[in-house]
Amino acid sequence: MKKQKEFRVAYQGEAGAFSEKALLIYFKDTKNIVPIPCRTFYDVVEAVRSGNAERGIMPVENSIIGCITHTYDLLLETKLNIVGETILPISHALIAPKDIKKDDIKKIYSHPAALSQCEVYLRRFKNADILPTYDTAGSVKLIAEKKLTGVATIASKESAEIYDLSILDTAIEDYPDNQTRFFIIAAENIHTQNIACYPCKTTIVFDTLNQPGMLYECLGIFNKHKINLTLLESRPHKTEAWKYHFFMDMIGHVNNENLASAFDEIKKMTGFLYVMGSYPRYQAKLSEKKEEKNISNKKKIDKNAPLYSLDRHPEPSIVQVGNSMIGEKKNFTVMAGPCSVEGRHQLISTAKICKDEGADILRGGAFKPRSSPYSFQGLGEEGVKLLCEAKKQFGMPIVTEVIGVEELEIVAEYADILQIGARNMQNYVLLKEIGKLKIPVLLKRGMMATLQELLMSAEYILDKGNSNVILCERGIRTFETATRNTLDLSAVPYLKQHTHLPVIVDPSHGTGVLELVEPMAKAALAVGADGIMIEVHFSPSTALSDGYQSLDAKGFKHLMKEIKRLKKIF
Ligand code: PEP
Ligand code: MN
């Protein structure tokens, strides 16, 4: 089969860098996009110039520190074209190896731009050296790979996740609403003709003669032609001391009559004017505007609607479990662990895999609802206590099933999330009892239950006062026998449109087929689920339950790598 052509975009930094985030958003509708990390800005322009990348992205201006002048210099030197612009809100975090306290930090690394944006925040680290590096995410990578101690870095929250480090502080930039503007650059000039349909911007560079009032004269020409200037930056000529180039951004396209006339006049007067590009002006996406509008026109609350419904509670509910904010937009919580707790060695070995690969919450059944009374029924209370040991050792909250009112007290004493299994979704006595508690609940869809029935079961819990309900799609019985269940992924967007409760997906029980777990986990992320629950076992072939659908260390590592990759896109 012929491979689809890649569309490569060069950026400066490592995976997780703000430039990478900006390009993934800018090119989100472009097929086969491949971000190409580069060490320096020069490497970015070289990648574009040599044809190794179709486009490049370069930061050009930041709302706290101003122009990134090196970008302008390089674009003038290489004569590459500016073909687009985008703006990204920037929020920095202080990131460090696990278990380090702020007082122990001796060095703080980051890109100089990030250090400048957090200059006031950094003043409190009186005993730490503040050291510039080539990249924000690159510094996170350096600390993680070299296992450095006593050091911290400033970078995006996402990069801490990618390289599995701790976040000590968030939103540490000195001023709120920190934003960076980026140029998209190309070797060819794709926008010179006919883009009158866009609201456009144009970037130029010109010199003035060394005579009194020359800059004033030039600005007068823009005024005469009613051109709205958005940026003016002077940069040294480099070859001649105390002579300057003036870079200027303005609204309009080079082919617009007023711009063309103004440029002609300036050229005649100064001798040099070069158009670096005309490109579509950045506009906040329609969906962002819609969201803003939704927030301002707060929806009316219908007090007669069911408690689960968005008419009653228009904002998404967020269930906090440990550090995981389940249901928060952009969060994707991974619960992972064995089907059953079988013993200390099995649980600890499996929990280690889950923790190492970045799972948020450890799962494991202690009380097991098995289809046959002769199958392994779980370790009961001993299993719950083992889960607690693993929780302490790995610092992971635990989710485990409660199969009846009799076991509720013991499970509720230890669990961070109480799981109600598919077979108990309509055990209304149990639902009501759990409703009286405040502990988060994971309510799994019954294998023969409609979505309306699932929502009404949630209503039982909400009605008794427990608002911490998470729904779980885990597959339903259909005539299909190729899979254990038919995973109904349309349930996710359906539920999201009808309820404020978080929704997660269990592709392990949902398919019962090892090879389908990763693809369906990825699909769950794509359709908007708030997380997944995955069965993992350190030795699936010896598992006492559901080994055939459990991922081993290698399989789980691969799944997590894929999830991390896709999280940047969805
Ligand atoms: C489980 O998650 O351990 C389980 C038994 O799943 P379900 O209730 O969905 O069958
Ligand atoms: Mn299972």
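Residues numbered from 1 in each chain as written. Chains lettered and ligands numbered in written order. Predicted model: local features only at pLDDT ≥ 70, side-chain atom pairs only at ≥ 80, totals over all residues. Heavy atoms only, no water.

Draft legend 1. Main features of helix H12 (residues 381–394). Look at H12: 20 Å from first C-alpha to last across 14 residues, which is about the 20 Å you get at 1.5 Å a residue. When we look at burial in H12, the residues that qualify are Gly 383, Val 384, Leu 386, Leu 387, Cys 388, Ala 390 and Phe 394. Residues of H12 that are buried sit in contact with helix H11 (344–356), strand E19 (361–363), strand E20 (398–401) and helix H13 (405–414). Just beyond H12, the residue with positive phi is Gly 395, at close to 65 degrees. (Helix = DSSP H or I, 4+ residues; strand = E, 2+ residues; numbered from the N terminus. Expected span 1.5 Å × (residues − 1). Buried < 20%, exposed > 50% of the residue type's maximum accessible area, 1.4 Å probe, protein only. Contact = heavy atoms within 4.5 Å.)

Draft legend 2. View of the pattern of salt bridges. Counting across every chain of the model gives 32 salt bridges. Between Lys 391 and Asp 416 there is a salt bridge, with its nearest N and O atoms 3.0 Å apart. Linking Lys 391 in helix H12 with Asp 416 in the loop between H13 and strand E21 (417–420), this pair joins segments that are 25 residues apart in sequence. For Lys 391, a relative accessible area of 27% translates into the label partly exposed. Using a relative accessible area of 19% as the deciding quantity, one classes Asp 416 as buried. Residue Lys 496 pairs with Asp 530 through a salt bridge whose shortest N-O separation is 2.6 Å. Placement of the pair is Lys 496 in helix H16 (residues 491–498) and Asp 530 in the loop between helix H18 (514–526) and strand E25 (531–535), with a sequence separation of 34 residues. Look at Lys 496 and you get partly exposed, because its relative accessible area is 27%. (Salt bridge = Lys/Arg side-chain N within 4 Å of Asp/Glu carboxyl O.)

Draft legend 3. Inspection of the packing of helix H2 (residues 41–49) against helix H3 (residues 69–78) at higher detail. Between H2 and H3, the shortest axis-to-axis distance is 10 Å and the interhelical angle comes to 30 degrees. With respect to H3, the element H2 is oriented roughly parallel. Here H2 and H3 pass one another in a crossing that is right-handed. In this structure, H2 uses Phe 41, Tyr 42, Val 45 and Arg 49 to contact H3, whose residues at the interface are His 70, Thr 71, Leu 74, Leu 75 and Thr 78. (Axes fitted to C-alpha atoms, helices over the stretch in contact; angles between N-to-C directions. Parallel < 35°, antiparallel > 145°, perpendicular 65-115°, else oblique. Left-handed = near helix turned anticlockwise from the far one by under 90°.)

Draft legend 4. Structural view of the side chain of Ser 139. Position of Ser 139 among the secondary structure elements: in helix H6 (residues 136–145). Only 2.7 Å separates the side chain of Ser 139 from the side chain of Thr 133, close enough to count as a polar contact. Those residues within four positions of Ser 139 in sequence are excluded, and the remaining contacts are Tyr 109, Ser 110, Thr 133 and Thr 153. (Polar contact = N/O pair within 3.5 Å; in protein donor to acceptor, adjacent residues only side chain to side chain.)

Draft legend 5. Inspection of the pairing of E25 at higher detail. Across the 5 residues that make up E25, a large majority, 5, are buried. In the sheet, strand E18 (residues 333–337) pairs with E25 via 5 bridges, with the strands oriented parallel. Counterpart to Thr 333 in the pairing with E25 is Gly 531. Sheet topology note: the strand E24 (residues 503–505)/E25 ladder contains 2 bridges and is parallel. By the bridge assignment, Val 505 is partnered in E25 with Ile 532. (Pairing = 2+ DSSP bridges.)

Draft legend 6. Fine view of the coordination of the manganese ion (ligand 2). Protein coordination at the manganese ion (ligand 2): the donors are Cys 339 (SG), His 509 (NE2), Glu 535 (OE) and Asp 546 (OD), at 2.0 to 2.3 Å from the metal. Mapped onto the polypeptide sequence, the residues donating to the manganese ion (ligand 2) form the spacing pattern C-x169-H-x25-E-x10-D. Here Cys 339, found in the loop between E18 and H11, pairs with His 509, found in helix H17 (residues 507–511); they are 170 residues apart in sequence, far enough to count as distant. Residue Cys 339 is classed as buried on the basis of its relative accessible area, which comes to 3%. Residue classification places His 509 among the buried positions, given a relative accessible area of 8%. (Donors = N, O, S within 2.8 Å, 3.2 Å for Na, K, Ca; no water.)

Draft legend 7. Quick look at the site of ligand 1. Around ligand 1, the surrounding shell consists of Arg 363, Lys 368, Glu 401, Gln 419, Gly 421, Ala 422, Arg 423, Lys 444, Arg 474 and His 509. Separating an oxygen atom of ligand 1 from a side-chain N or O atom of Arg 474 is a distance of 2.6 Å. For ligand 1, the protein covers 97% of the area, taking 290 Å² as the surface of the free molecule. Along the lines of polarity and charge, the residues of the shell around ligand 1 split into 1 nonpolar, 3 polar and 6 charged. (Near = heavy atom within 4 Å. Areas by Shrake-Rupley, 256 points an atom, 1.4 Å probe, with all protein chains shown as cover. Nonpolar A, V, L, I, M, F, W, Y, C, P; charged D, E, K, R; others polar.)

Draft legend 8. Main features of the sheet that holds strand E14 (residues 244–251). Strand order in the open sheet made by the 4 strands is E13-E14-E12-E15, with antiparallel pairing throughout. At either margin of the open sheet sits one strand with a lone partner, and together these are strand E13 (229–236) and strand E15 (273–280). Across the sheet, the mean angle from the axis of one strand to that of its neighbour is 15 degrees, orientation sign disregarded. Here 7 bridges tie strand E12 (residues 200–207) to E14, and the two strands are oriented antiparallel to one another. Counted as the bridge partner of Lys 201 is Ile 251 from E14.

Draft legend 9. Molecular detail of the confidence of the model for the protein chain. Model confidence for the protein chain is summarised by a mean pLDDT of 92, while 95% of its residues fall at 70 or above. Taken as a whole, residues 286–296 scores under 50 in pLDDT and shows 3 contacts with residues more than four places along the chain or in a different chain. (pLDDT = per-residue confidence, 0-100.)

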